[in-house]
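Fold and geometry: a report
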Amino acid sequence: MAKLKLQVNGESHELEASETALLLDALREGLGMTGTKRGCETSHCGACTVLLDGMAVHSCVVLAARCEGKEIATVEGLAQDGELNELQRLFLKHGALQCGYCTPGMLMAATALLRRNPKPTLEEIKVGLDGNLCRCTGYTGIFEAIQACAVGAK
Amino acid sequence: MEIKLFRPHSLEEALSQRAQYGKDALPLAGGQSLLVMLRNKLIDPQVLLDLEPLGELRGLQARANGVSIGAMTTFFDLLYSSDVQNAAPILAQAAAKVGSTAIRNLGTIGGNLCHNEPGADLPPALLALNASVELRSRKGTRKVPLTEFFRGYFETAVEAEEILSRVEIPTLPKGARGAYIKHAITPEDLAIAGVAVVLVPDGKNPVSASELRIGLGGVAPVPLRALKAEAALNGTALTDEAIGAAAEIAASEAEPMSDPHASAEYRRKMIKVLMRRALAAAIEGGERNGHGKA
Amino acid sequence: MANKKANQPSYSYIGKSAPKIEGEKKVTGQALYTADHVLPGTVWGKVLRSPYPHARITRVNTDRARAHDGVLAVLTAADIPDVLTGRRLRDMPMLANDRVRFIGEKVAVVAAAERDVAEEAAQLIEVEYQPLTPVFDPLAAITEGAPELHERLADYQGLPKIGTPLKNTYSHEEWLLGDVERGFCEAERIFEDRFSTQHVHQSYLEPHSSVVSIDRDTGIIHVWVSNKVPYNTKNSLADAIGIPAERIVIHVSTIGGDFGGKGALMDLPLCYFLSQRLNRPVRMVMNYTEELTAANPRHAAQIVVKTGVKKDGRITARQIKVYWNGGAYGAMKPIPTVNLPGAVKAAGAYAIRNVRIDSYAIYTNSVPCGHFRSPGLVQLAFASESQIDMIATALKINPLELRLRNALTDGFPTPDVKGMIDVKCKEVLEAAAQATNWNKKKLPTHVGRGMALSYRHVGLGEANARMRLNPDGKISILTTYADTGTGAHTILCQMVAEVLDVPLDQVGLEVGTTDAFRSESGTGASRVTFVLGQAVLKATAQLKSLLCEQAAEMLGASSDQIIIKKGRLSAPRAAGRSLTLAGLAEAAAAKSLNLQSESYHAEHETPPEGVFAACVAEVGIDVSTGQVMLRKLDTIHDVATILNPVGHQGQIDGGILQGVGYGLMEELAMEDGRVATTNLGEYKVPNIRDVPPLKTTLVHSHEGASPFQSKEIGESAISQVAPAIANAIYDAVGVRIKELPITAEKIYRALKEMK
């Protein structure tokens, strides 16, 4: 076991975890932050996507120990003071979620995409979210939400 | 038994640990393959050696005699590097086709080569680029051409006390062009068959090619150079017949396997199709990195 | 995107896109799915599974596992009641006793505080197997020489009375209309074709999860489980563990996708036994390999379709035989006949006087199968709609024309209902033709188009609803139906808002526990809007009366004079005065009056309104590799009132893409009973890059069986996609693939054979 210090959504957390604990487990079990979901655990579904220093990563294949000193962003950090951010509002408006299980990961991947590329084309959206599966929506609502966000981007 | 994570402060320290533990200490590069294998209990190391702190394994430098790429360079770095795009564009092309965005963000060239999964995208491109790797150990450094690096199914030339430190790509000859064409069920998948071609086109109508190298992936337990096909084509006019004959030879050099997604026979047939396409693409200017910003 | 709707009555809340009412929780990560419920002291349970498809268990030794550091409990069949479980047919042990019947069957379970420890320890359990001859092909399983998989079948609880002498067959459902023999005699040509479909997995992203916590003082067993039929599950669990159902409370959780796959007990009984033994909460979550190999996928099928036609294409008779590969147990199937409900629609959306359908559910030594969106019909529509095009080709008739000639009409009987009303079959076909310029569009080489048609009905069942006026003035619906992503909860709120004329944000919905009501069917079968919707409307009407009564008192008017408008109650006579719902609530509270209503609703007979849908696929084939490029998918749906447009379109888009996966890339590849695709990299679910250009065309009717004249949509979009694609591929390059999925390799081989 080892002591880990993780910076999540701007806040510092200390926890005990095994040396080779995965970031996904550190967040969900160690910190009780269950917004990030456990899906396939083999890096294919993207339900576990979080941002690491602004980059979308699958937390099921990231060692928590490697995240010390880096900024981790999860879905819990998107809303500010209880107010949904624009991407979250547009996801709701455009039917970009149904069961909601892929949604945290999808939001984080979209956030990373929009930060690098505020006006992505449809093709660029597809590449940016190519690691996030959704079984419910057929993805069209997701495209619309991200495109709407891009259009509204300042 | 809890696995220990060692975070060496220097490559030397990492090599000492490799020397001490041998195959019980696995180097951890991007983790995108290794951590999945760990989760599925396909490997059982005592120690994971974290390579992330090691500066010697980073960095991408264009040098006079070629490009030197640190083992910890990510797919993301490769595809956005202007050095790679200038000096070895098919490597950027291949990197763009690996897995998904999140995997490209963290996965590394060193990890990808050492994992050696059939159908991986970088190896055929690197083979066509005549790449070699640098393997470090406490005893010293050895350079291994990529053609000798892939030993068997998921097996490489990396010895128990070694760590792959750099990938070296020699300067391409003037006028060289290339293309990497992949056939898969969906874009994020491993290749059912992948063909990378580098050549220097010569003359017109018909074009002939020199310095021709062909890398094949997904069609044998290891990625390989289609040496006999190269010999048949190198320096000759690239007519339809010549290409067709060479494609047959390339297909016979492969040892494809059957799996739930494609039969061996189909893979062999696809080599022929992809070789034609890769040659055509290389001659006509090569497939540019089709990525927008991501 | 969807066309503008015509002729829809003017509603204030119905018919306007509303964001999901639980959406805010979902986009902030606050929605709690089963595995997110972590109680203090929770430990993990992990299962050991059989590596053999068919074997006797001769010895089990758990010593090494028990001795492993950190292990809290190890259970085998010897430690739990010898009870068979199942949603209807109770044929599946909770842990294999003396025999295993599929690779992945549960043999033991281990509990530990750490998940890794439980997994490691499970591998230390020593099990000795004596392999028995397995059978994997349903057509082989019914032959004389096949091993008998369930000798005690006749004793199983829930065995349907539709017996059959066929070996290893536990259900044979048969439908007859007219006289097929005579129909075939009348035919001028007869076509008989075999088709084969694969196992596919629902691929909800949330794996099956269970959490059990037993209250030490009351003995109440608290359950959180990714299961959309909580009352059935409560009763099944009670029988399995031998505890009265009154002691079980299921807290209906947020479910991360279902598509029919989350109705069985799965690990829940084992979770209970561990919890009971350890006096601690226990959590079990299937990893995705377990999901892909040992959950309850869609049945694979061998289908034979025989169709007799006149020279002009009119169908005189249609006979379908379907042999379902049901896997090792029938336990996962919920309907009383333990068969697949879609089988009755196998003959298609056509006016055929003579139909015979035989549907056989057969045991084999592979993963037990269950329901998946439009169960049975997805497989059969592939077969029957592919054959329609084959007939069209042979008779040299346009496939559209052939379908139009046989299209179902008002009042024409089908094997499932005596006749439907307001049938829009022809209209859907014509709209499909118009939307795609079917007869005129010129296509390049190797590009082709194909169409397919299907029909469905709403599902039956029972539902409860309780409604009340909250102290804060909000109207609250209490339900124990899960919204598995379909948007049902949002629609219910919209309905209430509409009926009461109350702003949507003044209507809320609470999801309760199984203590709320006695019993109900649960989510699925496209029944929710139809059955629960009506229960909610009844309860709303009752509540409305109470509200009006109370308001009448306060306003000095009579109940029938009360008007509710935008959440305010007034009476014309009580000029100038109006009440808010909050004001009403306050007054009621002062009198200790509970303004609350409850209702129950059941539907037992399929209503005469059906729903029709078509798909037109346009594909391009790379003839060198066989790869299919989906250039465009058009879907055409017969709709009446659309309750929530954004939700409605979402159900269409999601269903379509599942159809694309089914047709082109998904397969739980079986190698001697072993699922070879063990993760979501190998099992290919459509990714965002696989979405083709989609266009939806709506055909408007007026009669819908469900509230506000709405029709079902959840299971309507999927069945016609794969056959449309198969037909398009034939149109493009002249190859007919009769085995799913249609891979590039299959097309490549077929093209080579043609040369």
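Residues numbered from 1 in each chain as written. Chains lettered and ligands numbered in written order. Predicted model: local features only at pLDDT ≥ 70, side-chain atom pairs only at ≥ 80, totals over all residues. Heavy atoms only, no water.

1. Topic: the overall build of chain B
In plain terms, the rule: By definition, any uninterrupted DSSP run of H or I lasting at least four residues is a helix, any uninterrupted run of E lasting at least two residues is a strand, and each is numbered from the N terminus. Values of the radius of gyration come from C-alpha atoms, whereas the globule rule sets the reference at 2.2 Å times the count of residues to the power 0.38. Buried, partly exposed and exposed residues are distinguished by accessible area as a fraction of the type maximum, computed with a 1.4 Å probe on protein chains only: under 20%, between the cut-offs, and over 50%, respectively.
When helices and strands are tallied, chain B shows eleven helices and 14 strands. In terms of overall dimensions, chain B is globule-like: its C-alpha atoms have a radius of gyration of 19 Å, near the 19 Å expected for 294 residues. Projected onto the principal axes, the alpha-carbon positions of chain B cover approximately 65 × 45 × 40 Å. Relative to its full complement of 294 residues, chain B shows a buried share of 59%.

2. A closer look at the domain arrangement of chain B
Quite often, the size of an interface is put as the accessible area lost when its parts meet. All names here are of chain B. Under the convention used in this document: All domain edges in this entry derive from an automatic or database-based domain assignment. When checking whether two residues touch, look at their non-hydrogen atoms; a contact exists if any pair is within 4.5 Å. Accessible area, probed at 1.4 Å, shrinks when two parts are joined; the buried area is that loss added up over both. A side-chain nitrogen of Lys or Arg and a carboxyl oxygen of Asp or Glu constitute a salt bridge if their distance falls within 4 Å. Contacts described as polar in this section are N or O atom pairs within 3.5 Å, which, within protein, must combine one atom able to donate a hydrogen with one able to accept it, while residues neighboring in sequence count only if both atoms come from side chains. Polar here means any residue outside two lists: the nonpolar Ala, Val, Leu, Ile, Met, Phe, Trp, Tyr, Cys and Pro, and the charged Asp, Glu, Lys and Arg; Gly therefore counts as polar.
Examined at the domain level, chain B breaks down into domain 1 (4-50), domain 2 (55-170) and domain 3 (177-289). Each of domain 1 and domain 2 was reduced to a C-alpha centroid, and the two centroids are 18 Å apart. Taken together, the 16 residues of domain 1 in the interface contact 19 residues of domain 2. Together domain 1 and domain 2 conceal approximately 1,400 Å² of surface at their shared face, both sides included; 68% is due to carbon and sulfur atoms. The three residues of domain 1 that bury the most area against domain 2 are Leu11, Leu15 and Gln32, which together make up 41% of that side's buried surface. Counting across the interface, domain 1 meets domain 2 through zero salt bridges. On the surface where domain 1 and domain 2 come into contact, there are four residue pairs in polar contact (both at pLDDT 80 or more). Top element by residues in the side of domain 1 that touches domain 2 is helix H1 (residues 11-21). It accounts for six residues. A breakdown of the residues in the side of domain 1 that touches domain 2 according to their chemical character gives eight nonpolar, six polar and two charged.

3. A few points about the interface of chain A and chain B
On the chain B side, the residues contacting the 26 residues of chain A number 33 residues. For the pairing of chain A and chain B, the buried interface totals around 2,500 Å² over both sides, and the portion due to carbon and sulfur atoms is 55%. If you sort the residues of chain A by the area they bury against chain B, Glu19, Val61 and Arg66 of chain A come out on top, with a joint share of 25%. One can count six salt bridges joining chain A with chain B. Put simply, aspartate 50 of chain B and arginine 66 of chain A hold a salt bridge, and the shortest N to O gap is 2.6 Å. Between chain A and chain B we count 14 residue pairs in polar contact (both at pLDDT 80 or more) in total. Only strand E4 (55-58), helix H3 (103-116) and helix H4 (122-128) of chain A provide two or more residues apiece to the side of chain A that touches chain B. Of all the elements, E4 of chain A adds the most residues to the side of chain A that touches chain B, at four residues. Classifying every residue of the side of chain A that touches chain B gives eleven nonpolar, eight polar and seven charged.

4. A word on the sheet that holds strand E11 (residues 177-183) of chain B
Rule in force here: When DSSP finds two or more bridges between two strands, those strands count as paired.
Ordered by their spatial adjacency, four strands build an open sheet running E11-E12-E13-E14 (chain B), and the pairing between neighbours is antiparallel. Edge positions in the sheet fall to E11 and strand E14 (224-225) of chain B, since each has one partner strand and no second.

5. Regarding the interface of chain A and chain C
Listed per partner, the contact involves 46 residues of chain A and 53 residues of chain C. For the chain A face of the interface with chain C, the top three residues by lost area are Gln98, Tyr101 and Arg135 of chain A, together amounting to 21%. Inspection of the region where chain A meets chain C yields six salt bridges. Residue lysine 37 of chain A is joined to aspartate 36 of chain C by a salt bridge in which the shortest nitrogen-to-oxygen separation is 2.7 Å. At the junction of chain A and chain C, the tally comes to 24 residue pairs in polar contact (both at pLDDT 80 or more). Among the elements of the structure, helix H1 (23-30), helix H2 (86-93), H3, H4 and helix H5 (140-152) of chain A are those that each provide at least two residues to the side of chain A that touches chain C.

6. Observations concerning the nonpolar core
How we decide: As used here, the term nonpolar core means buried Ala, Val, Leu, Ile, Met, Phe, Trp, Tyr and Cys residues forming a set that is joined through side-chain atoms within 4.5 Å.
In this structure, Phe91, Tyr139 and Ile146 of chain A together with Ile729 of chain C are the most contacted members of the largest nonpolar core, which totals 158 residues. Domain assignment of the residues forming this core places at least three in each of domain 1 (2-77) and domain 2 (86-152) of chain A. If we ignore the near neighbours within four places in the chain, the residues touching isoleucine 729 of chain C are Val619, Ile621, Val628, Gly734, Val735, Ile742 and Ile747 of chain C. Formed by 49 residues, the second largest nonpolar core is a distinct cluster that contains Met467, Ile491, Met495 and Ala535 of chain C.

7. Focus on the environment of arginine 276 of chain B
All names here are of chain B. Within the element layout of this structure, arginine 276 appears in helix H11 (residues 264-283). Judged by its relative accessible area of 37%, arginine 276 is partly exposed. Once residues lying within four places of it in the same chain are set aside, the contact partners of arginine 276 are Asp240, Ile243 and Gly244.

8. Here we look at unusual backbone geometry
The linkage connecting leucine 740 of chain C with the following residue, proline 741 of chain C, adopts the cis geometry, with an omega of -5°. Look at aspartate 53 of chain A: it is not a glycine, yet its phi comes out positive at around 50°. Looking at the secondary structure, you find aspartate 53 of chain A in the loop between strand E3 (49-52) and E4. The partly exposed category is assigned to aspartate 53 of chain A, whose relative accessible area is 48%.

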